[in-house]
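The lines below spell out each chain.
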Amino acid sequence: EPEVTQTPSHQVTQMGQEVILRCVPISNHLYFYWYRQILGQKVEFLVSFYNNEISEKSEIFDDQFSVERPDGSNFTLKIRSTKLEDSAMYFCASSLSTGLNEKLFFGSGTQLSVL
Amino acid sequence: GQQVMQIPQYQHVQEGEDFTTYCNSSTTLSNIQWYKQRPGGHPVFLIQLVKSGEVKKQKRLTFQFGEAKKNSSLHITATQTTDVGTYFCAGRGNTPLVFGKGTRLSVIA
């Protein structure tokens, strides 16, 4: 089965540094998402992306966050100046459609540790 | 904003016992989805429910969507050790897909 791939699997950074998390969604999917999960807690929505623009974003997704689809395959999440509370597992997901046949495929995640 | 609440937070069962997790939304949902996350893994889609009162089965798993489209449940019959993991419901109203906090299932052999 096709899968969403994420790199790196682990990222350690110093507070205030910029990080870029990378994702390759499933090739024919049209909708892309970033979620995050603090250890043992729920999966929190960050942003959704469709047709080369953000379609929805949460309160967590403030000016420090940005997303980009720089080419036909990659989907990135940038955090400009990381904070300690940004430490979490970041999941990328993609889906072919929304609504009645929505089905999100998640990547294996990037564990971000901000020191 | 829309909230999705899920209970219980944890459930420990003996292998062979049944298990149920419940999900409630603060608003009416257009659809609800269920995901399973194995320890150390990522959420994996199980099913989507769309219609009021809908019931779907996948082998030992039974999913229900309430008549008012504000609640849902997942029932596992005769649990097995392979059922271990966290089960999340995720609801969509006029919002992005919002996940519940999940129910972590432990199965004791």
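None of these values were measured; they are calculated from a predicted model.

Quick notes on the rules
Starting from 1, residues in each chain are numbered consecutively following that chain's sequence as written. Chain letters and ligand numbers both follow the written order, the letters beginning at A and the numbers at 1. Where local features are concerned, this predicted model is filtered to residues with pLDDT of at least 70; where side-chain atom pairs are given and counted, the filter is 80 or more; whole-chain, interface and lining totals use all residues. Note: side-chain values were computed over all heavy atoms of the structure, leaving out hydrogens and water. Secondary structure elements are defined from DSSP: runs of H or I of at least 4 residues count as helices, runs of E of at least 2 residues count as strands, and each element is numbered from the N terminus. The reference for a compact globule is 2.2 Å times residues^0.38; the radius of gyration itself is calculated from the C-alpha atoms. Burial status follows relative accessibility: with a 1.4 Å probe on protein chains alone, a residue under 20% of its type maximum counts as buried, one over 50% as exposed, and anything between as partly exposed. In short, Shrake-Rupley with a 1.4 Å probe defines the accessible areas, and a residue's cover is counted only from the protein chains shown. Contact between two residues is taken to exist if any of their heavy atoms lie within 4.5 Å; hydrogens are not considered. Note that patches include only residues with greater than 30% relative accessible area and no salt bridge, and the join distances are 9 Å for like charges and 5 Å for nonpolar side chains (Val, Leu, Ile, Met, Phe, Trp, Tyr). We define a salt bridge as a contact between a side-chain nitrogen of Lys or Arg and a carboxyl oxygen of Asp or Glu at a distance within 4 Å. A pair of strands is treated as paired once DSSP finds two or more bridges between them. Each axis is a line fitted through C-alpha atoms, and for a helix only the stretch in contact is used; angles between axes span 0 to 180 degrees, taken between their N-to-C directions. We place a 1 Å grid over just the protein atoms. Points where a 1.4 Å probe fits but has no way out form a cavity, open points with protein on both sides within 12 Å along at least 5 of 7 lines form a pocket, and any residue with an atom within 4 Å of a point lines it. Grid points are joined across faces, edges and corners, and a volume is the space filled by probe spheres set on the points. Using a 1.4 Å probe, buried area is obtained as the accessible area two parts lose upon being combined, added over both of them. Whenever a nitrogen or oxygen atom comes within 3.5 Å of another N or O atom, the pair is scored as a polar contact, on the condition that within protein one atom can donate a hydrogen and the other can accept it, and that pairs from neighbouring residues in sequence are kept only if both atoms are in side chains. Cysteine sulfur pairs qualify as disulfides if the two atoms are within 2.5 Å.

Caption draft 1: Just the overall build of chain B, in detail. Each helix and strand in chain B was counted, giving zero helices and eleven strands. Ordering the α and β elements of chain B from the N terminus gives β-β-β-β-β-β-β-β-β-β-β. In summary, chain B has a C-alpha radius of gyration of 13 Å against a globular reference of 13 Å for 109 residues, a match within 12%. Sorting the 109 residues of chain B into buried and exposed places 51% on the buried side. Entry remark: accessible area of chain B is about 5,200 Å², with carbon and sulfur atoms responsible for 51%.

Caption draft 2: Geometry of the overall build of chain A. The helix and strand inventory of chain A stands at zero helices and eleven strands. From first element to last, N terminus to C terminus, chain A shows the α and β order β-β-β-β-β-β-β-β-β-β-β. Here the C-alpha atoms of chain A give a radius of gyration of 13 Å, agreeing with the 13 Å that 2.2 N^0.38 yields for 115 residues. Taking the intrachain contacts of chain A between residues at least 6 apart in sequence as the baseline, contacts between residues at least 24 apart amount to 54%. Of the roughly 5,900 Å² that chain A leaves accessible, carbon and sulfur atoms contribute 47%.

Caption draft 3: Examining a nonpolar patch on the surface more closely. Taken together, the side chains of A:L30, A:Y50 and A:L96 present a nonpolar region at the surface, about 270 Å² in accessible area. Within the fold, A:L30 resides in the loop between β3 (19–24) and β4 (31–37).

Caption draft 4: Summary view of the sheet that holds β3(A). All names here are of chain A. What the four strands build is an open sheet, ordered β1-β3-β8-β7; its pairing is antiparallel. Pairing within the sheet leaves two strands with one partner each, and these edge strands are β1 (5–7) and β7 (65–68). Geometrically, the sheet is characterised by an average inter-axis angle of 20° between neighbouring strands, direction not taken into account. For β1 and β3, the ladder comprises three bridges, and the chain directions are antiparallel. Bridging across to β3, Q6 finds its partner in C23.

Caption draft 5: Highlighting the layout of surface pockets. Reported here for the largest pocket is a volume of approximately 510 Å³. When contributions to the lining of the largest pocket are tallied by element, the ones reaching two or more residues are β9 (88–95) of chain A together with β9 (85–92) and β11 (103–108) of chain B. Computed from the structure, the second largest pocket encloses a volume of approximately 410 Å³. Taken together, 15 residues form the lining of the second largest pocket, with A:F45, A:S58, B:G1, B:Q2 and B:V98 sitting closest to its centre. Every element with two or more residues in the lining of the second largest pocket is listed here: β5 (43–50) of chain A together with β10 (98–99) of chain B.

Caption draft 6: A look at the sheet that holds strand β3 (residues 19–25) of chain B. Residues and elements named next belong to chain B. With antiparallel pairing, five strands are arranged side by side in an open sheet as β1-β3-β8-β7-β6. In the strand order of this sheet, the two ends are held by β1 (4–7) and β6 (55–58), each with one partner. Taken pair by pair, the neighbouring strands of this sheet meet at an average axis angle of 15°, ignoring direction. As defined by bridge partners, β6 adjoins strand β7 (residues 61–65) across four bridges and the pair is classed as antiparallel. Note that in β7 the partner of Q58 across the bridge is L61.

Caption draft 7: View of the interface of chain A and chain B. Listed per partner, the contact involves 19 residues of chain A and 19 residues of chain B. Between chain A and chain B the total buried area reaches about 1,600 Å² when both faces are included, carbon and sulfur atoms providing 54% of it. On the chain A side of the contact with chain B, A:K42, A:E102 and A:F106 bury the most area, a combined 32% of that side's loss. Across the contact surface, chain A and chain B share two salt bridges. Where A:E56 meets B:R92, a salt bridge forms, and the shortest distance between an N and an O atom there is 3.9 Å. Our enumeration of links across chain A and chain B arrives at seven residue pairs in polar contact (both at pLDDT 80 or more). Contributing elements (two or more residues each) for the side of chain A that touches chain B: β4 and β5 of chain A.

Caption draft 8: Here's a closer look at the state of the cysteines. Tallied over the entire structure, the rule returns two disulfides over all chains. In this model, A:C23 is linked to A:C92 through a disulfide, with the two sulfur atoms separated by 2.0 Å. Every disulfide takes its handedness from the sign of the S-S torsion; for A:C23 and A:C92 that torsion is -65°, giving left-handed. Remark: A:C92 occurs in strand β9 and A:C23 occurs in strand β3; sequence separation between them is 69 residues. A:C92 carries the same exposure label as A:C23, and that label is buried. Each disulfide pairs two cysteine sulfurs, and for B:C23 the partner residue is B:C89, the sulfurs being separated by 2.0 Å. Sign of the S-S torsion, about 75° for the bond between B:C23 and B:C89, identifies this disulfide as right-handed. In this pair, B:C23 is assigned in strand β3 and B:C89 in strand β9, connecting sequence segments 66 residues apart.

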